[in-house]
Amino acid sequence: MIAAFFSSIPSPEVSFIQLGPIRVHFYALFILTGIVLAIVLADYRLKARGAKGGLALDVALWTVPVAIIGARIFHVLTHSGDYFYPGADLTAVFRVWEGGIAIYGGLLGGAVGAWIGTKQAGLKFWAFADAVAPGILLAQAIGRWGNYFNQELFGLPTTLPWGLEIDSWNPAFPSGLPPETLFHPTFLYESVWSLLGVALLLLVDRKFELRNGKMFASYLIFYSIGRIWTENLRIDPSDVIFGLRTNVWSALLGIGIGAAIFYWQSRQQQGQEASVYRDDALESRSN
């Protein structure tokens, strides 16, 4: 009995709780929890560098909505076959709570929102990006557990003792496989990788004080390396370009962009960042 317990990871029987007329999906709860903790961590890191408290939340009010929109658009475009086919229910495009947001689309949208938000708050864009980078990884580590409750985005079949059980009647269960088939828990791999990244980035930052975008660049490189591995394990439908899943291409691009940011900022910005505030904001504060 004990051996059977440790032979696989059971999937949860529920994916939501019903509070009267309101259905609360665990997917959404994990995403929101990750966002809140990312904001808290970013605010702590900004205050440690001389900013007043609450600025991370001010920027997040711009960043989070645009990031979610970008993440959903990116997911739909890279999984077009799931949403656009004869007789498809096009309202599914907007049902984010059912799952389906792309991290790289969220980063693109979040960058636009952060650019607007930091300008409004008087912060330097790269100062905020560096402050929030470990928090993004933390949010990703927590958010992946929403995939677990949705029984989605799992990997190839496996006989490893931590194989993930998936209900055979789940639409995502591959046809033709025995009901007892176990799958790689890619949600868990990515969650653990992200948590390791949080610890590593904070440790490296404490020793080398990565500034001027270099912390965010390090995040992009670290996360993307792990994403290539987990993405190649996944069997959920995805558009394929030149033999690679679109998110593998996104991860490769993420590594390239991260390396370019690190190199460029190292050459352009010598020494430590004097302040997290924009120069025009510092002038207005001193007047």
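Residues numbered from 1 in each chain as written. Predicted model: local features only at pLDDT ≥ 70, side-chain atom pairs only at ≥ 80, totals over all residues. Heavy atoms only, no water.

Draft legend 1. Up close: the nonpolar core. Of all hydrophobic cores here, the largest spans 42 residues; its most connected members are Leu-46, Leu-123 and Tyr-219. Of the residues forming this core, the biggest block, 10 residues, is contributed by helix H5 (residues 125–150). Ranked by size, the runner-up nonpolar core spans 10 residues in total, among them Phe-26, Phe-149, Phe-154 and Phe-173. (Core = buried A, V, L, I, M, F, W, Y, C linked by side-chain atoms within 4.5 Å. Buried < 20%, exposed > 50% of the residue type's maximum accessible area, 1.4 Å probe, protein only. Helix = DSSP H or I, 4+ residues; strand = E, 2+ residues; numbered from the N terminus.)

Draft legend 2. Focus on the pairing of strand E1 (residues 16–19). Where E1 and strand E2 (residues 22–25) come together, four bridges link them in antiparallel fashion. Considered in E2, the bridge of Leu-19 is made with Ile-22. Counting the residues in the hairpin turn of E1 and E2 gives two residues, including Gly-20, whose phi is positive at 65°. (Pairing = 2+ DSSP bridges.)

Draft legend 3. Focus on helix H2 (residues 26–48). Under the 1.5 Å per step criterion, the end-to-end length of H2 is 33 Å for 23 residues, consistent within 8% with the ideal 33 Å. Residues of H2 that are buried include every one of Phe-26, Tyr-27, Ile-31, Gly-34, Ile-35, Ala-38, Ile-39, Leu-41, Ala-42, Asp-43, Arg-45 and Leu-46, and no others. Among the residues trailing H2, Gly-50 stands out with phi positive, at a value near 105°. (Expected span 1.5 Å × (residues − 1).)

Draft legend 4. Structural context of a nonpolar patch on the surface. Taken together, the side chains of Ile-17, Leu-19, Ile-22 and Leu-29 make up a nonpolar region of the molecular surface, amounting to roughly 340 Å² of accessible area. Here Leu-29 lies in helix H2. (Patch = residues over 30% accessible without salt bridge, like charges linked within 9 Å, V, L, I, M, F, W, Y side chains within 5 Å. Areas by Shrake-Rupley, 256 points an atom, 1.4 Å probe, with all protein chains shown as cover. Salt bridge = Lys/Arg side-chain N within 4 Å of Asp/Glu carboxyl O.)

Draft legend 5. Layout of helix H6 (residues 186–208). The terminal C-alpha atoms of H6 lie 32 Å apart, and with 23 residues this matches the ideal 33 Å at 1.5 Å per residue to within 8%. Listing the buried residues of H6 in full gives Thr-186, Phe-187, Tyr-189, Glu-190, Ser-191, Ser-194, Gly-197, Val-198, Leu-201 and Asp-205. As for H6, its buried residues are in contact with H2, helix H4 (103–121), H5, strand E3 (164–165) and helix H7 (214–233). One or two steps after H6, the chain reaches Glu-209, where phi turns positive at roughly 50°. (Contact = heavy atoms within 4.5 Å.)

Draft legend 6. Region of interest: the side chain of Thr-158. Structurally, the position occupied by Thr-158 is in the loop between H5 and E3. Within polar-contact distance, the side chain of Thr-158 engages the backbone nitrogen of Leu-160 at 3.1 Å. (Polar contact = N/O pair within 3.5 Å; in protein donor to acceptor, adjacent residues only side chain to side chain.)

Draft legend 7. Region of interest: the packing of H5 against H6. It is the contact of H5 with H6, at a shortest axis distance of 8 Å, that shows an interaxial angle of 165°. Compared by their axis directions, H5 and H6 come out roughly antiparallel. Between H5 and H6 lies a crossing whose hand is left-handed. Side by side, H5 and H6 meet where Pro-134, Leu-137, Leu-138, Gln-140, Ala-141, Arg-144, Trp-145, Asn-147 and Tyr-148 of the first sit next to Phe-187, Leu-188, Glu-190, Ser-191, Ser-194, Leu-195, Gly-197, Val-198, Leu-201 and Leu-202 of the second. When its residues are assigned to classes, the contact of H5 with H6 shows 12 nonpolar, five polar and two charged. (Axes fitted to C-alpha atoms, helices over the stretch in contact; angles between N-to-C directions. Parallel < 35°, antiparallel > 145°, perpendicular 65-115°, else oblique. Left-handed = near helix turned anticlockwise from the far one by under 90°. Nonpolar A, V, L, I, M, F, W, Y, C, P; charged D, E, K, R; others polar.)

Draft legend 8. The arrangement of unusual backbone geometry in detail. If you check the backbone angles, Gln-151 has positive phi at about 50° while not being a glycine. Looking at the element boundaries, Gln-151 is found in the loop between H5 and E3. Since its relative accessible area comes to 6%, Gln-151 is described here as buried. With a phi angle near 50°, Glu-209 is a residue other than glycine that sits in the positive phi range. Structurally, Glu-209 is set in the loop between H6 and H7. Judged by its relative accessible area of 38%, Glu-209 falls in the partly exposed class.

Interpretation in functional terms is not warranted from these geometric data alone.
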